Amino acid sequence: MAMLASGGNKRILEHQPDFRHLCIFLPKFHCELNFIEFFWGVVKKYLRDNCDYTFATLKENMPKALASVQRSTIRLWEHRMYRWMEAYRSGLGTTEAQIQVKAFSSRKYKSHRRIPDTVARALDVV
């Protein structure tokens, strides 16, 4: 079964049982809602940091760049994307959504010159 994409100019597959894989449709042009953009950003940075500007080196480094991103990091990006989607679904604006997402993903430090007590205690044990 095919479905027309927005604008009606491209056809995308909505469901194709013969392929036996899962397809996730993500919004266009919203990098905070598309964790694959974060993945490609890290891959491109790896390639920039390890290049001599030849095509042969690019071909050699591409598998290394793809493997350099840990699966756990991709999952963190995915969970963050879901938090953004939930914030927008609940009717929050951009600023409010950013505050809500940040509450999940950030540690709250009282001072930039002081580490949290839990970290200090862990360092005392060592």
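You'll find the structure just up there.
Values in this document were obtained by computation on a predicted structure and should not be read as measured data.

J.: Just to check I follow, could you spell out the nonpolar core for this structure?
T.: Proteins that are soluble and globular tend to have nonpolar side chains buried together. Counting 14 residues, the largest nonpolar core has Leu33, Phe39, Val43, Val69, Trp77, Met81 and Trp84 as the members making the most contacts within it. Listing elements by their share of this core, those giving two or more residues are α1 (35-49), α3 (71-89) and α4 (94-105). Top contributing element to this core by residue count: α3, with five residues.

J.: What should I look at first to understand the pattern of salt bridges in this one?
T.: Opposite charge on two side chains permits pairing when their charged atoms draw close. Under the definition given, this model contains three salt bridges. Put simply, Lys64 and Glu60 hold a salt bridge, and the shortest N to O gap is 3.6 Å. Here Lys64 pairs with Glu60, and both are found in helix α2 (residues 55-67), just four residues apart, close to one helical turn. The exposure class of Lys64 is partly exposed, given its relative accessible area of 41%. Judged by its relative accessible area of 49%, Glu60 falls in the partly exposed class.

J.: Any chance you could explain the packing of aromatic side chains here in plain terms?
T.: In this description, an aromatic ring pair is defined by two values, namely the gap between the centres and the angle between the planes. Per the stated rule, a full pass over the model turns up three aromatic pairs. Between Phe39 and Trp40, the ring centres sit 5.5 Å apart and the planes meet at 70°, which makes this aromatic pair edge-to-face. Residue classification places Phe39 among the buried residues on the basis of a relative accessible area of 15%. According to the relative accessible area criterion, Trp40 is partly exposed, its value standing at 38%. Summarising the aromatic geometry, the rings of Trp84 and Tyr88 are spaced 5.7 Å apart at their centres and angled 35° between planes, so their arrangement reads as tilted. Of this pair, Trp84 and Tyr88 both sit in helix α3, four residues apart, which is roughly one turn of the helix. By relative accessible area, which is 7% here, Trp84 ends up buried.

J.: What is the right way to read α1 from this model?
T.: Because each turn of an α-helix spans 3.6 residues, side chains separated by three or four positions in sequence point in the same direction. Over its 15 residues, α1 extends 22 Å from the first C-alpha to the last, a length consistent with the 21 Å expected when each residue adds 1.5 Å. Those residues of α1 not exposed but buried are Phe35, Phe39, Val43 and Leu47. One side of α1 holds all its buried residues, which, seen down the axis, span an arc of 125°. Facing away from the buried side of α1 by over 90 degrees, the exposed positions are Arg48 and Asp49. On its buried face, α1 sits against α2 and α3.

J.: Explain the packing of α1 against α3 to me, please; I cannot follow it from the model alone.
T.: Each pair of packed helices can be described by the angle between their axes along with the distance between the axes. Axis separation between α1 and α3 bottoms out at 8 Å; the angle between their running directions is 145°. The hand of the α1/α3 crossing is right-handed. Across the interface between the two elements, Phe35, Phe38, Phe39 and Val42 of α1 pack against Ile74, Trp77, Glu78, Arg80 and Met81 of α3. Looking at the contact of α1 with α3 residue by residue, the class counts come to seven nonpolar, no polar and two charged.

The rules behind the values
Residues numbered from 1 in each chain as written. Predicted model: local features only at pLDDT ≥ 70, side-chain atom pairs only at ≥ 80, totals over all residues. Heavy atoms only, no water. Core = buried A, V, L, I, M, F, W, Y, C linked by side-chain atoms within 4.5 Å. Buried < 20%, exposed > 50% of the residue type's maximum accessible area, 1.4 Å probe, protein only. Helix = DSSP H or I, 4+ residues; strand = E, 2+ residues; numbered from the N terminus. Salt bridge = Lys/Arg side-chain N within 4 Å of Asp/Glu carboxyl O. Phe/Tyr/Trp six-rings, centres within 6.5 Å; stacked < 30°, edge-to-face > 60°. Expected span 1.5 Å × (residues − 1). Arc of directions from axis to C-beta. Contact = heavy atoms within 4.5 Å. Axes fitted to C-alpha atoms, helices over the stretch in contact; angles between N-to-C directions. Left-handed = near helix turned anticlockwise from the far one by under 90°. Nonpolar A, V, L, I, M, F, W, Y, C, P; charged D, E, K, R; others polar.

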